[in-house]
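# Analysis of the macromolecular model
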Amino acid sequence: MAWLLVVVAGFLETGFAVCLKLSHGFTRLWPTIAFAAFALGSFGLLTLALRKLDVGPAYAVWTGIGAAGTAIYGMVFLGDVVSTLKIVSITLVIAGVIGLQLSGSAH
């Protein structure tokens, strides 16, 4: 259950990063409110998960999902540049997160 919380928190991190961009420096109300809600949810779920999990692998999974998800979202929906190097780099981030998770202690 704790890992599910980390995964959901990672997706919420993607949401708060995207909303941060869409808020245009907190000058747009609804993206700013969405940013705050996603951030609160993400940090809250991560906090709950860390009661049961080691901080290193859990944080790596959380940030990895957030980083990869945000990059993918930007390329698909926000017109960010798509390149082979970017896709390979996202794949390496995901592989690193999986490796850290697999190397962590079992709880």
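Before reading on, note that the structure itself is shown above.
A short tour of the structure in this document, coming up. Just so it is clear, the structure is predicted and the values come from calculations on it, not from any experiment.

Regarding its fold elements, the protein chain presents four helices and zero strands. Mapped in sequence order, the helices and strands of the protein chain form the string α-α-α-α. A principal-axis box enclosing the C-alpha atoms of the protein chain has dimensions of 45 × 35 × 15 Å. In the protein chain, the proportion of contacts linking residues at least 24 apart, taken out of those at least 6 apart, comes to 67%. Carbon together with sulfur atoms contributes 75% to the accessible area of the protein chain, which is approximately 6,600 Å² in total.

Let us look at the packing of helix α1 (residues 2-22) against helix α2 (residues 29-49). Axis separation between α1 and α2 bottoms out at 8 Å; the angle between their running directions is 155 degrees. Classified by the angle between their axes, α1 and α2 sit roughly antiparallel to one another. The crossing of α1 and α2 is left-handed. In contact with Ala 2, Leu 5, Val 6, Val 8, Ala 9, Leu 12, Glu 13, Gly 15, Phe 16, Cys 19, Leu 20 and Leu 22 of α1, α2 contributes Pro 31, Ala 34, Phe 35, Phe 38, Ala 39, Gly 41, Ser 42, Phe 43, Leu 45, Leu 46, Leu 48 and Ala 49.

With that out of the way, let us pick up the side chain of Ser 42. Of note, Ser 42 is situated in helix α2. Relative accessible area serves as the criterion here: at 0%, Ser 42 is assigned to the buried category. Ser 42 has contacts with Ala 9, Leu 12, Glu 13, Phe 16 and Trp 62, leaving out every residue within four places of it along the chain.

This next bit is on the packing of helix α3 (residues 55-77) against helix α4 (residues 84-103). Geometrically, a packed helix pair is captured by the angle between its two axes and the distance between the axes. Two elements in contact, α3 and α4, have axes whose closest approach is 9 Å; the angle formed by their N-to-C orientations is 160 degrees. Classified by the angle their axes make, α3 and α4 are roughly antiparallel. Regarding α3 and α4, the two cross each other, and that crossing is left-handed. On α4, the residues touching Pro 57, Ala 60, Val 61, Gly 64, Ala 68, Ala 71, Ile 72 and Met 75 of α3 are Lys 86, Ile 90, Val 93, Ile 94, Val 97, Leu 100 and Gln 101. When its residues are assigned to classes, the contact of α3 with α4 shows twelve nonpolar, two polar and one charged.

The rules we used
- Residues numbered from 1 in each chain as written.
- Predicted model: local features only at pLDDT ≥ 70, side-chain atom pairs only at ≥ 80, totals over all residues.
- Heavy atoms only, no water.
- Helix = DSSP H or I, 4+ residues; strand = E, 2+ residues; numbered from the N terminus.
- Contact = heavy atoms within 4.5 Å.
- Areas by Shrake-Rupley, 256 points an atom, 1.4 Å probe, with all protein chains shown as cover.
- Axes fitted to C-alpha atoms, helices over the stretch in contact; angles between N-to-C directions.
- Parallel < 35°, antiparallel > 145°, perpendicular 65-115°, else oblique.
- Left-handed = near helix turned anticlockwise from the far one by under 90°.
- Buried < 20%, exposed > 50% of the residue type's maximum accessible area, 1.4 Å probe, protein only.
- Nonpolar A, V, L, I, M, F, W, Y, C, P; charged D, E, K, R; others polar.

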